[in-house]
Amino acid sequence: IYNCLMTVMDQCLIGGTGNATYGQIEVDGAPEISTTFNWNQNYISGSGYGSTTVAGLRVDRCTNVNIIGGAIESTGTPIQIQSKSEGGSYMIGVLIDGIDLENPNNGAISYIEMGYGWTGGAGDPGVRSPRILNCTGFPSGSWTVCKPIRLANTAGAFIDGCYMGTSIYLRGGGSTVN
């Protein structure tokens, strides 16, 4: 979904898409920043054995992003916000609420990542005041989840009511699955 105004995805089932470069769903406001993106109770599931899909949902260069309900499982990093290289269009008004995230794969170490594509100046955050509320994250067979939520180049994040497990537990030099 590229350069669309007021996009709404409502109760969709997505599976078997994406690759090592593209997520299963990509929302990108390029070349101009899009005004809104609303996700309502959608479900993304991986493409099965041998999948190299980098992410389930990737959102870049949009403001007023609402990701509410549904689930994303078995597909790289479930949610990536501002993952593409960008130095001018920051994102504000990101809300992730009540979504179930499971089994990140293909080497993914988290359920949600924000701001890793930002190339703007130091002290100029790429994602501003995001809210992550009431979300669940379960490794469900993944051996790599060690940082449930990863934020970079992000300011004023509010995270509350989330329950997210990790798959790697380090103690005494060994690792076990929770």
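Colleague: I keep staring at empty space enclosed by the protein and nothing clicks. Help me out?
Modeller: It is a probe the size of a water molecule, rolled over the atoms, that shows where empty space is left. The full count for this structure, using the stated rule, is one cavity of 30 Å³ or more. Size it by volume and the largest cavity reaches roughly 30 Å³. Taken together, Ile 1, Tyr 2, Asn 3, Cys 4, Thr 7, Val 27, Asp 28, Ser 34, Thr 36, Phe 37 and Cys 62 form the lining of the largest cavity. Class assignment of the residues belonging to the lining of the largest cavity gives a composition of six nonpolar, four polar and one charged.

Colleague: Help me out: how do you make sense of the pairing of strand 4 (residues 37-45) in this one?
Modeller: Each regular strand shows side chains that alternate between the opposite faces of the sheet. One ladder, built from four bridges, connects strand 1 (residues 7-10) with strand 4; its direction is parallel. Counted as the bridge partner of Met 9 is Trp 39 from strand 4. One ladder, built from three bridges, connects strand 2 (residues 13-15) with strand 4; its direction is parallel. Directly across from Leu 13, in strand 4, lies its bridge partner Tyr 43. When strand 4 meets strand 6 (residues 65-73), the two strands line up parallel, connected through eight bridges. Its bridge partner lying in strand 6, Trp 39 is registered against Ile 67.

Colleague: It is not clear to me how the nonpolar core should be interpreted in this structure. Could you clarify?
Modeller: Nonpolar side chains tend toward joint burial in soluble globular proteins. One finds Leu 57 and Ile 96 to be the most contacted residues of the largest nonpolar core, which totals 28 residues. Of all the elements in the fold, those that place two or more residues in this core are strand 3 (25-28), strand 4, strand 5 (55-60), strand 6, strand 7 (77-81), strand 9 (94-97) and strand 11 (112-114).

Colleague: Looking at this model, I keep getting lost on the sheet that holds strand 8 (residues 91-92). Mind explaining?
Modeller: The strands making up a sheet associate through hydrogen bonds between their backbones, and the pairing can be parallel or antiparallel. Taken in spatial order, the three strands line up as 8-12-16 in an open sheet, and their pairing is parallel. What marks the edges here is a single partner per strand, and that holds for strand 8 and strand 16 (154-155).

Colleague: Sorry, what's going on with the packing of aromatic side chains here?
Modeller: How two aromatic rings sit relative to each other is given by the distance of their centres and the angle of their planes. Under the definition given, this model contains one aromatic pair. With 5.9 Å between their ring centres and 50 degrees between their planes, Phe 138 and Tyr 163 make a pair best called tilted. Of this pair, Phe 138 sits in strand 14 (residues 136-138) while Tyr 163 sits in strand 18 (residues 163-164), and the two are 25 residues apart along the sequence. Among the residues examined, Phe 138 registers a relative accessible area of 33% and is labelled partly exposed. According to the relative accessible area criterion, Tyr 163 is exposed, its value standing at 57%. Above the ring of Tyr 116, the side-chain terminus of Arg 150 is found at 4.3 Å from the ring centroid.

Colleague: Any chance you could explain the sheet that holds strand 11 here in plain terms?
Modeller: Strand order across the open sheet formed by five strands is 3-5-7-11-15, with parallel pairing between neighbours. The sheet is open, and its two borders are formed by strand 3 and strand 15 (149-151), each paired with just one other strand. Taking each pair of neighbouring strands and ignoring which way they run, the sheet shows an average axis angle of 10 degrees. With four bridges joining them, strand 5 and strand 7 adopt parallel strand pairing. Each bridged residue has a counterpart across the sheet, and for Arg 58 the counterpart in strand 7 is Gln 80.

Colleague: So what exactly am I meant to see when it comes to the pattern of salt bridges here?
Modeller: Side-chain pairs of opposite charge can arise whenever the charged atoms involved come near each other. Tallying each qualifying case throughout the model produces seven salt bridges. Arg 61 is the partner of Asp 28 in a salt bridge, and the nearest nitrogen-oxygen pair spans 2.7 Å. Residue Asp 28 is found in strand 3, and its partner Arg 61 is found in the loop between strand 5 and strand 6; the two are separated by 33 residues along the sequence. Arg 61 shares its class with Asp 28; the two are buried. Among the ionic pairs, Arg 128 bridges to Asp 124, the shortest N-O distance being 2.4 Å. Exposure remark for Asp 124: the relative accessible area of 31% places this residue in the partly exposed category. A single salt-bridge network, built from bridges that share partners, covers Glu 26, Asp 28, Arg 58, Arg 61, Lys 84 and Glu 86.

Rules used throughout
- Residues numbered from 1 in each chain as written.
- Predicted model: local features only at pLDDT ≥ 70, side-chain atom pairs only at ≥ 80, totals over all residues.
- Heavy atoms only, no water.
- 1 Å grid on protein atoms, 1.4 Å probe; cavity = no way out; pocket = protein on both sides within 12 Å on 5 of 7 lines; lining within 4 Å.
- Points joined across faces, edges and corners; volume = space filled by probe spheres on them.
- Nonpolar A, V, L, I, M, F, W, Y, C, P; charged D, E, K, R; others polar.
- Pairing = 2+ DSSP bridges.
- Helix = DSSP H or I, 4+ residues; strand = E, 2+ residues; numbered from the N terminus.
- Core = buried A, V, L, I, M, F, W, Y, C linked by side-chain atoms within 4.5 Å.
- Buried < 20%, exposed > 50% of the residue type's maximum accessible area, 1.4 Å probe, protein only.
- Phe/Tyr/Trp six-rings, centres within 6.5 Å; stacked < 30°, edge-to-face > 60°.
- Lys NZ or Arg CZ within 6 Å of the ring centre and 35° of its normal.
- Axes fitted to C-alpha atoms, helices over the stretch in contact; angles between N-to-C directions.
- Salt bridge = Lys/Arg side-chain N within 4 Å of Asp/Glu carboxyl O.

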